[in-house]
Structures are given as C-alpha cells and as structure tokens.
Amino acid sequence: MTQINVRSMCGYCGAVFGFMAVTLGAFGAHALRALSGSGWESGDASLWQTAVLYQMFHALALLGLAGLAPDLISGRVRGWVGGSFALGIALFCGSLYLLAAVKTPLLGMLTPVGGLLFLAGWGVLGTALWRTSRERS
C-alpha cells in the first residue's frame, strides 16, 4: 500500500469513526434509555459515554495521523498505528457499547485488548516521531 493510500485510509476511517461517535453519543443520550426501559442504569450510561469519548479521541487521532507529513512517519508505521487505533476502537469501544446495551459480561474481556491496542498505537507513534526528530537534529 502506498503512502498516499495509507494516509487516505486513515483519514477515511477517522471521518467514519467520528461520524459514528456523534451518532452513538446522540443515540445513547436520547434513544437507548427509552429502548432499554427500566433496565438502563447509570453505570450503563457511564460505559456508553466512555466508549463514545474514546472513539471520538481516536477518530481525531486517525485524522491527525492522516495529516502528518510523509517525511515525519513512514507509510508502514502510519499503517500500523492507524490499524491499532481502528482495531482498538472496534474492540475497546465496541465491547463497552455492547456491555452497556446488552449486558454481556464476557464481552468485557475484549475491552483491555482494545486498550492495549490504543497504547501500542500511541507508543509506536511517539517512538517514530521521536526517532525522526533525533535524525533531523
């Protein structure tokens, strides 16, 4: 995959995940409580809000990743970081959404895996940018 394709994919994923975060945030605030009836608890709302928040942060991070100049980060590293963020959103946020909505505790085991993917993505990104800055000085 070329540098331009990876940047485009990161930008596209960031836009889609951002759109989804706004949609899911509105859904959680207005519709989910009504659909869930009396089974919706404040802990469920907190899980949902955490998922929306982390999804939006990482959607914005994907957009930022797409905008980084090609000489700051390689296409391979950009793809790895973008993939970590996207998969982290799917596992971390997705498991929290499902945990809040359908109360399936087994899905909670996916949450830390998604969190580790977020950490790995940030760590790789920081390391790559640090190495680039050292090479330039």
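Scroll up to find the structure this text is about.
Below, the structure is looked at part by part.

Cut-offs applied
- Residues numbered from 1 in each chain as written.
- Predicted model: local features only at pLDDT ≥ 70, side-chain atom pairs only at ≥ 80, totals over all residues.
- Heavy atoms only, no water.
- 1 Å grid on protein atoms, 1.4 Å probe; cavity = no way out; pocket = protein on both sides within 12 Å on 5 of 7 lines; lining within 4 Å.
- Points joined across faces, edges and corners; volume = space filled by probe spheres on them.
- Helix = DSSP H or I, 4+ residues; strand = E, 2+ residues; numbered from the N terminus.
- Nonpolar A, V, L, I, M, F, W, Y, C, P; charged D, E, K, R; others polar.
- Buried < 20%, exposed > 50% of the residue type's maximum accessible area, 1.4 Å probe, protein only.
- Contact = heavy atoms within 4.5 Å.
- Salt bridge = Lys/Arg side-chain N within 4 Å of Asp/Glu carboxyl O.
- Patch = residues over 30% accessible without salt bridge, like charges linked within 9 Å, V, L, I, M, F, W, Y side chains within 5 Å.
- Areas by Shrake-Rupley, 256 points an atom, 1.4 Å probe, with all protein chains shown as cover.
- Disulfide = S-S within 2.5 Å.
- Expected span 1.5 Å × (residues − 1).

Our next topic: the layout of surface pockets. If you add up the space inside the largest pocket, you get close to 210 Å³. In terms of lining, the largest pocket is formed by Leu-72, Ile-73, Ser-74, Arg-76, Val-77, Trp-80, Val-124, Thr-127, Ala-128, Arg-131, Thr-132 and Glu-135. Counting residues per element, the lining of the largest pocket draws most heavily on helix 4 (residues 110-136), at 6 residues. Here the residues of the lining of the largest pocket are counted per class, giving 6 nonpolar, 3 polar and 3 charged.

A few words now on the environment of Leu-107. With respect to the element layout, Leu-107 can be found in the loop between helix 3 (75-102) and helix 4. Judged by relative accessible area, which is 22%, Leu-107 ranks as partly exposed. In this structure Leu-107 touches Ser-95 and Leu-98, once residues within four positions along its chain are discounted.

Let's shift gears to the pattern of salt bridges. In the structure shown here, the tally under the stated rule is 2 salt bridges. For the salt bridge of Lys-103 with Asp-44, the shortest nitrogen-to-oxygen distance reads 2.8 Å. In this pair, Lys-103 is assigned in the loop between helix 3 and helix 4 and Asp-44 in helix 2 (residues 42-67), connecting sequence segments 59 residues apart. Judged by relative accessible area, Lys-103 falls into the partly exposed class, the value being 38%. A residue is classified by how much of its surface remains accessible, and Asp-44, at 7% relative accessible area, is buried. Where Arg-136 meets Asp-71, a salt bridge forms, and the shortest distance between an N and an O atom there is 2.5 Å. Residue Arg-136 is located in helix 4, and its partner Asp-71 is located in the loop between helix 2 and helix 3; the two are separated by 65 residues in the primary sequence.

Considering the arrangement of structural elements, one finds Ile-73 in the loop between helix 2 and helix 3. Taking the C-alpha atoms as reference points, Ile-73 and Leu-129, separated by 56 residues in sequence, lie 6.7 Å from one another.

What follows is about a nonpolar patch on the surface. A cluster of nonpolar residues, Leu-53, Tyr-54 and Phe-57, forms a patch on the protein surface that exposes about 290 Å² of accessible area. For Phe-57, the location among the structural elements is in helix 2. Here Phe-57 falls in the partly exposed class, since its relative accessible area comes to 47%.

The next subject is the side chain of Thr-111. Among the structural elements, Thr-111 can be located in helix 4. Those residues in contact with Thr-111 that lie beyond four places of it in its chain are Leu-91, Phe-92, Ser-95 and Leu-96.

Take the state of the cysteines next. A full pass over the atoms with the stated rule returns 0 disulfides. Cys-10 provides the cysteine sulfur closest to Cys-13, a residue in no disulfide bond, and the two sulfurs are 7.0 Å apart.

Further remarks concern helix 3. With 28 residues, helix 3 extends 39 Å from end C-alpha to end C-alpha; this agrees with the ideal 40 Å at 1.5 Å per step. Just downstream of helix 3 lies Lys-103, where phi reads positive at about 50°.

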